[in-house]
Amino acid sequence: MLTQLTINHFAIVHHVDIEFATGMSVITGETGAGKSIALDALGVCLGQRTDSTMLRDNENRADICAVFHISPENPAYTWLIEQELQDTDNPENCILRRVISPDGRSKSFINSTPVSAQQLKLLGQFLVQINGQHAAQQLLKPEYQMQLLDCYCEHTSVLNQMQADYSNWKNLQQQVATFHQKCQENAAKKQLLEYQVAELDEFALKENEYEELEKEHTRLSNSETLSMLSQSASQLLSENEEVNIESLLYRATQHIGELVELDAQYAEVNTLLQEALIQIQEASSELQILSSNIEQDPALLQDVEDRLSQCINLARKHNVKPEALYQLHQQLKQELTELVDFSESEQTLIEEENKAYRHALETAERLHQSRMEKATVLSQQVTENIQKLAMENAIFSIELNFDENKLTAKGADSIAFNLRSNLGQQAQALNKTASGGELSRIALTLQVLTSHKNAIPTLIFDEIDVGISGATASVVGQLLRNLGAHTQVICVTHLPQVACCGHHHFAVEKHVVNDKTETMMKKLTPATRVHALAKLLGGSEITETALANAEEMLALVS
């Protein structure tokens, strides 16, 4: 719960230091005195947005500090441990602080550790719930209505199970969708591979065939040149009748042979010439063989050119070099062979998804039954309470409809809070039949009935009693006092019937100090409290009658 709130240089507050206790605390003051400033400052300390207008004029910074006592059962206690922000020397105390600079920027602290405003907000949701003048408008939102009913039902375990089952089902549903897409992609890939492989099978390129075709094409396209050059070389080597290399070498060997007989030194030369003659004879013989095999076949050349052209076109189509087309063909055939048939896996996955949906639906039905049982009890209790709040003929009811086709993480229920305001009328949804005052009373009643079931230790009501008075205001005050018996309640009010029900009373006053307006807030003693209530009853002039009425009101509550 909130134990202390210190405010410095915020709005028209120079300095305020307030200590809060358990039970119901009321804050009163004249209109415009700044009753809500303390709550606004607390909201800033809980992570709400800041701006430069929040600073008191001519001040360098605003500083707000809130101290909370946190029991180990509060989720905030666990959150502080998880975030490593707990004060280990005093684990059940938590200090939140916010410093606002003139440019509107701020610094945030939890137990003296710098944090972000978002972290303040996350922690604040476990500590305080602020209900403003327009909070009753939330009752018109189905999601808030469901939140209230679930809080009253206290079936957190079923809600958690619902969320887990729904998440599991949606994950499997996504897996099925992804699997279908994968199957489609697989089928498309298989179809493409089958076409590509069939085309390459039909072409039937052999390994290294492209290189051989290039060589064959070069020979066939240059056959005339090959034939002419071969004949010329043959004539030079041996076929020319007048002069050829073979005959010249033969004559040279004869001369050298005679030299060897005269001088043995020429033997080596003779050997070399003999070897050269043999090489020339062999070269001439090989050249004749090659020349005889030269083909001049235009039809064969055309076939080779066609084959090469096809190979080049297919390679360009597959974006590879012609030399790599054979290897690509083998690779595509391997990929086609390795493609998996997903049909069996798909059926298994679909069965799992259907099973998860049925399980989630069963949990949603359990949740529906729990809500139905408690909705009847809550409707009766709300009806009893609002009839005490000057709505004598009103009947409040909760309508729940289960639709398995609208399954969500919160079940399959749709909800409507209905009200029959007067006899002879049909019950209708709140947004169609409830006035602003009726809506406020229903909201307060629901807050009282559900507050002890949630874990938030401090509830703040900022003038929620607007539009009510007299006996109705007394009932509202008593409801808030009853609420304060098991949670901390802080209530800003302008009604004496509500103010007298508080266990503690704070008064807000506005003064002019050194030509500057200041709002001050102080806790009232029993004696000063009587005067504050008398002022609420009689206005600026406090009469003996007003004082007597105030004393009587306090006595009746006590």
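- If you look the protein up in an unreviewed UniProt entry, it shows as DNA repair protein RecN from Actinobacillus delphinicola.
- Reading the Function (unreviewed entry) entry of the UniProt record for the protein gives the comment "May be involved in recombinational repair of damaged DNA."

Brief notes about unusual backbone geometry
- Residues other than glycine seldom take positive phi values, yet His9 does so here, at roughly 60°.
- Note that His9 resides in strand β1 (residues 2–10).

Considerations on helix α11 (residues 325–338)
- Between its terminal C-alpha atoms α11 stretches 20 Å, which fits the 20 Å expected from 14 residues at 1.5 Å a residue.
- Here the buried face of α11 lies against α5 (156–203) and α10 (298–317).

A few points about a negative patch on the surface
- Negative charge collects at one region of the surface, where Glu295, Asp297, Asp303, Glu305 and Asp306 lie side by side.
- Looking at the element boundaries, Glu305 is found in helix α10.

With respect to the packing of aromatic side chains
- Under the counting rule described, the total for this entry stands at four aromatic pairs.
- On the basis of an interplanar angle of 65° and a centroid distance of 5.8 Å, the ring pair of Tyr166 and Trp169 is categorised as edge-to-face. Remark: Trp169 and Tyr166 occur in helix α5; sequence separation between them is three residues, near one turn of the helix. Neither residue differs from the other here; Tyr166 and Trp169 are each classed as buried.
- Consider the rings of Trp169 and Tyr357, whose centres lie 5.0 Å apart with planes at 50°: the pair is tilted. Here the residue Trp169 occupies a position in helix α5, and Tyr357 occupies one in helix α12 (residues 343–387), the gap between them amounting to 188 residues.
- The exposure class assigned to Tyr357 is partly exposed, which follows from its relative accessible area of 22%.
- Through a chain of ring-to-ring contacts, the aromatic side chains of Tyr166, Trp169 and Tyr357 assemble into a single cluster.

Focus on the layout of surface pockets
- Taken as a whole, the largest pocket spans an internal volume of roughly 1200 Å³.
- Secondary-structure elements contributing two or more residues to the lining of the largest pocket are α3 (117–124), β8 (128–131), α4 (142–153), α5 and α14 (436–451).
- It is α4 that provides the largest number of residues to the lining of the largest pocket, a total of seven residues.
- Of the residues belonging to the lining of the largest pocket, the class tally is 14 nonpolar, 15 polar and six charged.

Points about the environment of Gly29
- Examined against the element boundaries, Gly29 turns out to sit in strand β3 (residues 24–29).
- Expressed as a C-alpha distance, the spacing of Gly29 and Lys170, which sit 141 residues apart in the sequence, is 54 Å.
- Apart from residues no more than four positions distant in its own chain, Gly29 is found in contact with Lys35 and Val508.

Cut-offs used in this document
- Residues numbered from 1 in each chain as written.
- Predicted model: local features only at pLDDT ≥ 70, side-chain atom pairs only at ≥ 80, totals over all residues.
- Heavy atoms only, no water.
- UniProt positions renumbered as here; feature names shortened; annotations may be inferred.
- Helix = DSSP H or I, 4+ residues; strand = E, 2+ residues; numbered from the N terminus.
- Expected span 1.5 Å × (residues − 1).
- Contact = heavy atoms within 4.5 Å.
- Patch = residues over 30% accessible without salt bridge, like charges linked within 9 Å, V, L, I, M, F, W, Y side chains within 5 Å.
- Areas by Shrake-Rupley, 256 points an atom, 1.4 Å probe, with all protein chains shown as cover.
- Salt bridge = Lys/Arg side-chain N within 4 Å of Asp/Glu carboxyl O.
- Lys, Arg positive; Asp, Glu negative; His and termini not counted.
- Charge placed at Lys NZ, Arg CZ, Asp CG, Glu CD.
- Phe/Tyr/Trp six-rings, centres within 6.5 Å; stacked < 30°, edge-to-face > 60°.
- Buried < 20%, exposed > 50% of the residue type's maximum accessible area, 1.4 Å probe, protein only.
- 1 Å grid on protein atoms, 1.4 Å probe; cavity = no way out; pocket = protein on both sides within 12 Å on 5 of 7 lines; lining within 4 Å.
- Points joined across faces, edges and corners; volume = space filled by probe spheres on them.
- Nonpolar A, V, L, I, M, F, W, Y, C, P; charged D, E, K, R; others polar.

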